[in-house]
Amino acid sequence: MEIEVNLVPPEKRGSLPADPLNIGFGTVFTDHMFTMVYSDGHWHDARIGPYGPLALDPAALVLHYGQGIFEGMKAYRRGENVFLFRPEKNIERLNASARRMVMPEIDPEFGLYSIKRLVSIERDWIPQLPGTSLYIRPTMIATEARLGVKPAKEFLYYVILSPVGPYFKGGFNPVKVFVSDKYVRAVRGGVGAAKTIGNYAASLLGTQEAIRLGYSQVLWLDAIERKYIEECGTMNVFVKFDDELATTPLDGAILPGITRDSVIHMARDWGLTVNERKISIDELIEGVRSGKVEEVFGTGTAAIIAPIGELYYKGQAYVVGDGQVGELTRRLYDTLTGIQSGEIEDPYGWVVRVE
Ligand code: COI
């Protein structure tokens, strides 16, 4: 499919804020977006045009029943070099989410090509300082206007771009986490493994309560027994025991994170024993108490690697290690961000150049 390109005249374009480290996350958007429409059983009308509001029928199915999915990926720039990180994995996951939510898949090759074209056009929006990047948000929504609860037959796929600083205000510093045994994020057999919009709405109330108590994220437990740790905020979670790095298995309730997969890969490459296994909250708390748990951290595209310095569970706070960033956490963060930005040689073939 050809992409029709209609660019904003140069004198009407915006520009990257002067202080990208302080723009926060997802508050500023670039001049252009990619859009593509699905109807009559196929994708068509692929366009790159001005960023702007969507015209949606008030009965559009996404607004009523949540048939919507998205992805998060990043572009990095150093000098004239622009890189994406494992973008084919995001498109693969978008299509897996589409299958779960009864939405149409996109052609992986065309999906990547369209993202590269858009990022290339917007390359001057990519901040270059360490800790900054251009966040890419591919999104698919059901646009068909109808109130019957049925899979839609019409969809819009679009990609918007946002220059971002660190996801957390404190940058790469330990976050304090509230373990919720009241609210859950997802349940096996549900949609926890899909990157679908309702999962994020479902997390808001628990997070709000955690914030009120002075914690910035929620550590979610499994929905059935409230016994095993699943995700932390919008991140996958890892625990470094003295001789093992462990993370929750992909059992259908958690998102198959691309940063998660990259961390498993790197840690194994460095000779660590990495296990994808159930970790009970009791094992975690006991390990933190005894010192067997040396480090805990979250992983995600937005947050990259987020050290967890404190856990609050059943009325008590537990400091992880000395509450500071652990050695492995820092090594993973430095290596991963180095590879992503092209500053460290990529031994895994993860980085994709945008021309
Ligand atoms: C990401 O890590 O890219 C996410 O999608 C999390 C987010 C909802 C900000």
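Definitions and cut-offs
- Residues numbered from 1 in each chain as written.
- Predicted model: local features only at pLDDT ≥ 70, side-chain atom pairs only at ≥ 80, totals over all residues.
- Heavy atoms only, no water.
- Salt bridge = Lys/Arg side-chain N within 4 Å of Asp/Glu carboxyl O.
- Helix = DSSP H or I, 4+ residues; strand = E, 2+ residues; numbered from the N terminus.
- Buried < 20%, exposed > 50% of the residue type's maximum accessible area, 1.4 Å probe, protein only.
- Pairing = 2+ DSSP bridges.
- Core = buried A, V, L, I, M, F, W, Y, C linked by side-chain atoms within 4.5 Å.
- Contact = heavy atoms within 4.5 Å.
- Phe/Tyr/Trp six-rings, centres within 6.5 Å; stacked < 30°, edge-to-face > 60°.
- Lys NZ or Arg CZ within 6 Å of the ring centre and 35° of its normal.
- Axes fitted to C-alpha atoms, helices over the stretch in contact; angles between N-to-C directions.
- Parallel < 35°, antiparallel > 145°, perpendicular 65-115°, else oblique.
- Left-handed = near helix turned anticlockwise from the far one by under 90°.
- Nonpolar A, V, L, I, M, F, W, Y, C, P; charged D, E, K, R; others polar.

Caption draft 1: Inspection of the pattern of salt bridges at higher detail. Applying the stated criterion across every chain, the model contains 19 salt bridges. One salt bridge in this structure joins R188 and D251, with 3.5 Å as the shortest N-O distance. With R188 in the loop between β9 (175-180) and α4 (197-202) and D251 in the loop between β13 (244-247) and α6 (258-269), the pair connects residues that are 63 residues apart, well separated along the chain. Put simply, R260 and E276 hold a salt bridge, and the shortest N to O gap is 2.8 Å. Of this pair, R260 sits in helix α6 while E276 sits in strand β14 (residues 274-276), and the two are 16 residues apart along the sequence. By relative accessible area, which is 2% here, R260 ends up buried. Through salt bridges that share partners, E4, D45 and R47 make up one connected network.

Caption draft 2: View of the pairing of strand β11 (residues 229-232). In this structure, strand β10 (residues 217-221) lies alongside β11, joined through two bridges in antiparallel fashion. Within β11, the residue paired with L219 across the bridge is C232. Judged from the two bridges that link them, β11 and strand β12 (residues 235-241) form a sheet pairing that is antiparallel. Considered in β12, the bridge of E231 is made with N236. Where β11 folds back on β12, the antiparallel hairpin that results is connected by two residues, among which G233 adopts a positive phi of roughly 60°.

Caption draft 3: Main features of the nonpolar core. Judged by nonpolar contacts, the single largest core of 46 residues is most densely connected at F34, L84, I115, V119, I136, M140 and Y157. Apart from residues no more than four positions distant in its own chain, Y157 is found in contact with F34, T35, M36, W43, L94, I106, I115, P138, T139 and M140.

Caption draft 4: Representation of the pairing of strand β5 (residues 73-78). With respect to burial, β5 is a largely interior element, six of its six residues being buried. Residues M73, A75 and R77 of β5 are buried on one face, and the alternating residues K74, Y76 and R78, pointing to the opposite face, are buried as well. Here β5 runs beside strand β7 (residues 133-142); their pairing, made up of three bridges, is antiparallel. The residue bridging A75 from the neighbouring strand is L134, located in β7.

Caption draft 5: Representation of the packing of aromatic side chains. Counted by the stated rule, this structure contains 18 aromatic pairs. Ring geometry for F238 against F297: centres 5.2 Å apart, planes inclined by 5°, an arrangement best described as stacked. Here F297 lies in strand β15 (residues 293-300) and F238 lies in strand β12, a separation of 59 residues in the sequence. Pair check on accessibility: F238 and F297 agree, each one buried. Among the aromatic residues, those joined into a cluster by ring pairs are F34, Y38, W43, F110, Y113, F155 and Y157. In this structure, K176 is placed above the aromatic ring of Y215, and the distance from its NZ or CZ to the ring centre is 5.0 Å. Sitting above the plane of the W270 ring, R331 keeps its charged end 3.7 Å from the centroid.

Caption draft 6: Spotlight on the packing of α6 against helix α8 (residues 327-340). Closest axis-to-axis distance for the α6/α8 pair is 11 Å, and the angle between their directions is 115°. Taken together, the axes of α6 and α8 are roughly perpendicular relative to one another. The interaxial crossing formed by α6 with α8 has right-handed handedness. From α6, T259, S262, V263 and M266 reach across to α8, where they touch L332, T335, L336 and I339. Of the residues belonging to the contact of α6 with α8, the class tally is five nonpolar, three polar and no charged.

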